[in-house]
Number of protein chains: 6
Amino acid sequence: MATLPLIEYDDAGPEVRAVYDEIMELRGTDWVNNFWKALANDPKMLRRTWESVKEVMAPGALDPLTKEMLYVAVSVAHGCNYCINSHTAAARAKGMTDQMLAELMAVVGMASETNKIVTGLQVELDEAFKDGGRN
Amino acid sequence: MATLPLIEYDDAGPEVRAVYDEIMELRGTDWVNNFWKALANDPKMLRRTWESVKEVMAPGALDPLTKEMLYVAVSVAHGCNYCINSHTAAARAKGMTDQMLAELMAVVGMASETNKIVTGLQVELDEAFKDGGRN
Amino acid sequence: MATLPLIEYDDAGPEVRAVYDEIMELRGTDWVNNFWKALANDPKMLRRTWESVKEVMAPGALDPLTKEMLYVAVSVAHGCNYCINSHTAAARAKGMTDQMLAELMAVVGMASETNKIVTGLQVELDEAFKDGGRN
Amino acid sequence: MATLPLIEYDDAGPEVRAVYDEIMELRGTDWVNNFWKALANDPKMLRRTWESVKEVMAPGALDPLTKEMLYVAVSVAHGCNYCINSHTAAARAKGMTDQMLAELMAVVGMASETNKIVTGLQVELDEAFKDGGRN
Amino acid sequence: MATLPLIEYDDAGPEVRAVYDEIMELRGTDWVNNFWKALANDPKMLRRTWESVKEVMAPGALDPLTKEMLYVAVSVAHGCNYCINSHTAAARAKGMTDQMLAELMAVVGMASETNKIVTGLQVELDEAFKDGGRN
Amino acid sequence: MATLPLIEYDDAGPEVRAVYDEIMELRGTDWVNNFWKALANDPKMLRRTWESVKEVMAPGALDPLTKEMLYVAVSVAHGCNYCINSHTAAARAKGMTDQMLAELMAVVGMASETNKIVTGLQVELDEAFKDGGRN
């Protein structure tokens, strides 16, 4: 169980309820997940985090499904089980198939393998890759 | 500098040259980057890793640019500078713009923030997210 | 369950009991937590670790509550659930309030976000920050 | 060098300049560090991140120096060299002495050691630590 | 539960069964562990991963027990509970004693501690250690 | 450069010199590496860390070369460049060949890949692996 209490809608003040209402409206659901209920212990933190997530995950140069899969990839790299499950569910809701999930994991696994070998052997960066190929 | 010598084409045996030739052909380049030159100290490791990367990064349910961006995301999470630079360069070559890179980083950053808060508060997984929403 | 047996007081030899006694005395408790019971499989490792923890966590230039919160922050970054819970409990016992815990997590989250963006964009260090501002 | 260009004040549009002006004013400096110049490639990301950092690092239940040291601890755990140097410099500016820095690192090191042993031995959480001692 | 279904032998196609048969034969067991059943959602990923694991873990310049303990050490560093348990079990099956496990954890813990202190203090590499002492 | 000054022998007090003397004697060298010179800012931390390293790395149920390679593996997982280089050099001094280093990296890479796939797919632990096969 969480190290701070989860704040339910009925026990929440107006600032917290306002965020909960926005979350449910944007998602077309009638419930709010535990992450937000934990943040609600600090209403300013809840508001700030919600505003940021909304802005970052909105359609832009990258589409929402790609963003959701990137979120899963980072969560795997950090080993955050809650995040892996919740964002895998969100990616499925946006169209990710089982085969896409399998390939996502294959890339995450391969990147992890080569990351560690490069680091372990202290391979120096090629001139052509400097600045991420920006030059 | 690397903790194993980098094996140049001229100093390589036939097994290593065969892989180098395939890399250059597939990429349409006349050079091989340092990662492969470090692996070439163990020709079997070079061959196995190249076969795996080729298979994983091939077009499938996910397109090659999405895979490249996932690779970057994982490399950032692991803090592998070589990998960040080389795969950012690869993603650019496949069409990633500056704005796409900025949004990619925004997602990586936001995922990192919420990952840590969820973990730090030990938030329990919602029933609806169990199995990544597979149920 | 642990991958090594947990050594209970009644089953422990004199070296282990001596450490257990010190732990209980310093903490004013009549029980020892599982971490120490796992270490007790190797009495020298138990003794060494206990001596180090005692010395590191003692009041010094930093007060014990600040040290406990730093311990929590590192444990979150590493995703160690046992450590997060046990040191959050220890920090509460030393005066950490819910609001302090919420702010602690906000800092951990924000640091994680900016850490990853800086790394992902490979931002070069400003001259003024070289040596951690020691110059 | 960074994988996105660093935007200098003279080349920046009004949205970016407005944030740069606020940063310099709040800090009483006449320059802006590279992190913000990299973010400025996406003016909304710059604005959002600056607002968040300002709010999170403001005095609250935790004082600014404690927050800065927590920031350093997380940055060390993530191995972000830019972040370690810039926040160590910021912590020094807020009063951190060499002895405090040494003790900060001793705690970070000790936490890392015990985190890994607990994880490696898969030690189960004691009843008394459930919920971070909230019960 | 897993975010992809676990494929049982009776529900598997011939490509998957062929790998399962090889795993059971090489290990002298009549069952296959869940990791492979999850990979089997993508038969090519299953085949590729099995071939790689078999080759990497085979006796070579390092003996199989040393390789298994290295696997445990990496799994601890990444906080992968499944991996810690399964490879600790595999190491035990290859001769690792309780005392060896305790020393393995002592090294992992000590390495974690000094890793973080070195990183936190941004200690510069000594000339004699350049290239991992290859020079 | 380091965020704390490196304490040279000539500038050190008697407690620090005593540790430096022990390090040089045990290693049969006439110099001390930078890690210890950074720790020397806090003589108690220097003494404690040296005593611990000496005890942990001494021959026991695991031989010193195996311990050194485990140290390298953990350092790779954490991305600590100083540690990778210094412990690779130490492992070479104890007999590690280029082929052993290549296999070490192959195991570290493979472990990283499978760690992430297991975590990403949230594979549940098999009954037979509970408690690391201790049962």
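Here the residue numbering is sequential within each chain, running from 1 through the sequence in written order. Whichever chain is written first becomes A and whichever ligand is written first becomes 1, with later ones labelled in order. It should be noted that, the model being predicted, local features are given only for residues of pLDDT at least 70 and side-chain atom pairs only at 80 or more, the latter also being counted only at that level, while totals for whole chains, interfaces and linings use all residues. To get the side-chain values, all heavy atoms of the structure are used, and hydrogens and water are removed first.

*Asks:* In this structure, what is going on with the overall build of chain A? I would like to understand it.
*Replies:* Starting at the N terminus, helices and strands are each numbered in turn, a helix being any DSSP run of H or I of at least four residues and a strand any DSSP run of E of at least two. Check the secondary structure of chain A and you find 6 helices and 0 strands. The globule rule used here is 2.2 Å times the number of residues to the 0.38 power, and the radius of gyration it is set against is calculated over C-alpha atoms. The C-alpha radius of gyration computed for chain A amounts to 19 Å, which surpasses the reference 14 Å derived for 135 residues by more than 25%, pointing to a less compact arrangement than a globule. For the C-alpha atoms alone, the extent of chain A along its principal axes is close to 55 × 35 × 30 Å. Any residue under 20% of the maximum accessible area for its type is buried, any over 50% is exposed, and the rest in between are partly exposed; the area is computed with a 1.4 Å probe on protein chains only. The buried share among the 135 residues of chain A stands at 62%. Any two residues having at least one pair of non-hydrogen atoms within 4.5 Å are treated as being in contact. Partitioning the intrachain contacts of chain A with sequence separation of at least 6 by distance along the chain shows that 47% fall at a separation of at least 24. Methods summary: accessible areas were calculated by the Shrake-Rupley approach with a probe of 1.4 Å, and residue burial reflects only the protein chains presented. Element-wise, carbon and sulfur atoms account for 52% of the exposed surface of chain A, whose accessible area totals about 4800 Å². Put simply, chain A has 13 plus and 20 minus side-chain charges, and the middle of one group is 3 Å from the middle of the other. Within this scheme the basic residues Lys and Arg register as positive and the acidic residues Asp and Glu register as negative, but His and the chain ends are omitted. Note on charges: their place is set at NZ of Lys, CZ of Arg, CG of Asp or CD of Glu.

*Asks:* Help me understand the packing of aromatic side chains, please; the structure alone is not making it clear to me.
*Replies:* The geometry of an aromatic ring pair is captured by the separation of the ring centres together with the interplanar angle, meaning the angle of the planes. Each Phe, Tyr or Trp ring, with Trp reduced to its six-membered ring, pairs with another whose centre is within 6.5 Å; inter-plane angles below 30 degrees give stacked pairs, above 60 give edge-to-face pairs, and intermediate values give tilted ones. One pass over the full model with this rule turns up 30 aromatic pairs over all chains. On the numbers, 5.7 Å between centres and 50 degrees between planes, the contact of Trp31(A) with Phe129(B) is tilted. Here Trp31(A), found in the loop between α1 (14-27) and α2 (34-39), pairs with Phe129(B), found in the segment after α6 (98-121), and the two come from separate chains. Judged by its relative accessible area of 13%, Phe129(B) falls in the buried class. Grouping aromatic residues by their ring pairs yields a cluster made of Trp31(A), Tyr82(A) and Phe129(B).

*Asks:* Explain helix α1 (residues 14-27) of chain C here, please?
*Replies:* For an α-helix, 3.6 residues make a turn, and residues three or four places apart therefore share a direction. All names here are of chain C. Multiplying 1.5 Å by the residue count of a helix minus one yields the expected span of that helix. For α1, built from 14 residues, the straight-helix expectation of 20 Å at 1.5 Å per residue is met to within 8% by its first-to-last C-alpha distance of 20 Å. The set of residues buried in α1 consists of Val-16, Val-19, Tyr-20, Ile-23 and Met-24. Down the axis of α1, the buried side of the element spans an arc of 135 degrees, and every buried residue falls inside it. Facing away from the buried surface of α1 by more than 90 degrees, the exposed residues are Pro-14, Glu-15, Glu-25 and Leu-26. Contact partners of the buried residues in α1: α2 (34-39) and α3 (43-57). One or two residues past the end of α1 sits Gly-28, with phi positive at roughly 65 degrees. What the arc describes is the spread of directions from the helix axis to the C-beta atoms.

*Asks:* So what exactly am I meant to see when it comes to the nonpolar core here?
*Replies:* Looking at soluble globular proteins, one finds that nonpolar side chains tend to be buried together. Side-chain atoms within 4.5 Å link the members of a nonpolar core, which is a set of buried Ala, Val, Leu, Ile, Met, Phe, Trp, Tyr and Cys residues. Ranked by internal contacts, the top residues of the largest apolar core, which has 306 residues, are Leu104(A), Leu104(B), Leu104(C), Leu104(D), Leu104(E) and Leu104(F). Excluding residues within four positions of it along the chain, Leu104(E) makes contact with Met69(E), Val72(E), Ala73(E), Met96(E), Leu62(F) and Leu70(F).

*Asks:* Would you mind showing me how to read the relation of the copies chain E and chain D here?
*Replies:* Copy one and copy two of the chain differ by a rotation about a common axis and a shift along it. Rotating chain E by 180 degrees and translating it 0.0 Å along the rotation axis places it on chain D, where the RMSD comes to 0.0 Å. Those values place the two copies in the arrangement expected of a two-fold rotation axis. Among all C-alpha atoms of chain E, that of Glu113(E) lies closest to the rotation axis, at 2.4 Å. Counting the interface residues of chain E, we find that 100% of their copies in chain D are interface residues as well, pointing to one common contact surface. We superpose the copies by least squares over the C-alpha atoms of residues that have a pLDDT of at least 70 in both of them.

*Asks:* Honestly, the relation of the copies chain A and chain B in this entry has me stumped. Any pointers?
*Replies:* In screw terms, the move from chain A to chain B is a rotation of 180 degrees and a rise of 0.0 Å along the axis, fitting with an RMSD of 0.0 Å. Comparing interface residues between copies, 100% of those in chain A also sit at the interface in chain B, which points to an isologous, same-surface contact.

*Asks:* What exactly am I supposed to notice about the interface of chain A and chain B here?
*Replies:* As a measure of interface size, the accessible area lost when the parts come together is often cited. Between chain A and chain B, the contact holds 69 residues from the first and 69 residues from the second. For the pair chain A and chain B, the two sides together bury roughly 6200 Å², of which 72% comes from carbon and sulfur. The salt bridge criterion pairs a side-chain nitrogen of Lys or Arg with a carboxyl oxygen of Asp or Glu, the two atoms within 4 Å. Where chain A touches chain B, the interface holds 2 salt bridges. Here Glu103(B) and Lys67(A) are joined by a salt bridge, their closest N and O atoms 3.2 Å apart. Think of a polar contact as two N or O atoms within 3.5 Å of one another; within protein, one of them needs to be a possible hydrogen donor and the other a possible acceptor, and neighboring residues in sequence only count if both atoms come from side chains. Taken together, chain A and chain B are joined by 32 residue pairs in polar contact (both at pLDDT 80 or more). Secondary structure elements with two or more residues in the side of chain A that touches chain B: α2, α3 (43-57), α4 (64-78), α5 (81-93) and α6 (98-121) of chain A. Per-element accounting of the side of chain A that touches chain B gives the leading share, 18 residues, to α6(A). For this classification, the nonpolar set comprises Ala, Val, Leu, Ile, Met, Phe, Trp, Tyr, Cys and Pro, the charged set comprises Asp, Glu, Lys and Arg, and every other residue, Gly included, is treated as polar. Looking at the side of chain A that touches chain B, its residues break down into 39 nonpolar, 21 polar and 9 charged. Buried area counts how much accessible surface, traced with a 1.4 Å probe, disappears from two parts once they are put together, with both parts' losses summed.

*Asks:* Honestly, the state of the cysteines in this entry has me stumped. Any pointers?
*Replies:* As used in these notes, a disulfide is a covalent bond between sulfur atoms, one from each of two cysteines. Residue and element names in this part refer to chain A. Cysteine sulfur pairs qualify as disulfides if the two atoms are within 2.5 Å. Within this structure, the stated rule accounts for 6 disulfides over all chains. The disulfide partner of Cys-80 is Cys-83, and the S-S distance across this bridge is 2.1 Å. The sign of the S-S torsion, about 55 degrees, decides the handedness of the disulfide formed by Cys-80 and Cys-83: right-handed. For the pair formed by Cys-80 and Cys-83, the shared burial category is buried.

*Asks:* I tried to follow helix α5 (residues 81-93) of chain F on my own but got confused; where do I start?
*Replies:* Compared with an ideal rise of 1.5 Å per residue, which puts 13 residues at 18 Å, α5(F) spans 18 Å between its outermost C-alpha atoms and is within 8% of the ideal. Within α5(F), the full set of buried residues consists of Tyr82(F), Cys83(F), Ile84(F), Asn85(F), Ser86(F), His87(F), Thr88(F), Ala89(F), Ala91(F) and Arg92(F). In this fold, the buried residues of α5(F) make contact with α6 of chain A, α6 (98-121) of chain E together with α2 (34-39), α4 (64-78) and α6 (98-121) of chain F. Just past α5(F), the residue Gly95(F) takes up positive phi, approximately 115 degrees.

*Asks:* Which parts of the structure should I look at to understand the packing of α6(A) against helix α4 (residues 64-78) of chain B?
*Replies:* Any two packed helices are characterised by how steeply their axes cross, that is the angle between the axes, and by the distance between the axes. Axis definition: a line fitted to C-alpha atoms, limited for helices to the stretch in contact. Angles are taken between N-to-C directions and run from 0 to 180 degrees. Two elements in contact, α6(A) and α4(B), have axes whose closest approach is 9 Å; the angle formed by their N-to-C orientations is 45 degrees. Accordingly, the angle class assigned to the pair α6(A) and α4(B) is oblique. Note on packing geometry: the crossing formed by α6(A) with α4(B) is right-handed. Across the interface between the two elements, Glu103(A), Leu104(A), Val107(A), Val108(A), Met110(A), Ala111(A), Ser112(A), Thr114(A), Asn115(A) and Lys116(A) of α6(A) pack against Lys67(B), Leu70(B), Tyr71(B), Val74(B), Ser75(B) and His78(B) of α4(B). Grouping the constituent residues of the contact of α6(A) with α4(B) by class yields 8 nonpolar, 5 polar and 3 charged. Oblique is the label for every angle not falling under 35 degrees (roughly parallel), over 145 degrees (roughly antiparallel), or within 65 to 115 degrees (roughly perpendicular). Note: crossing handedness is left-handed where the near helix turns anticlockwise from the far helix by less than a right angle, and right-handed where it turns clockwise.

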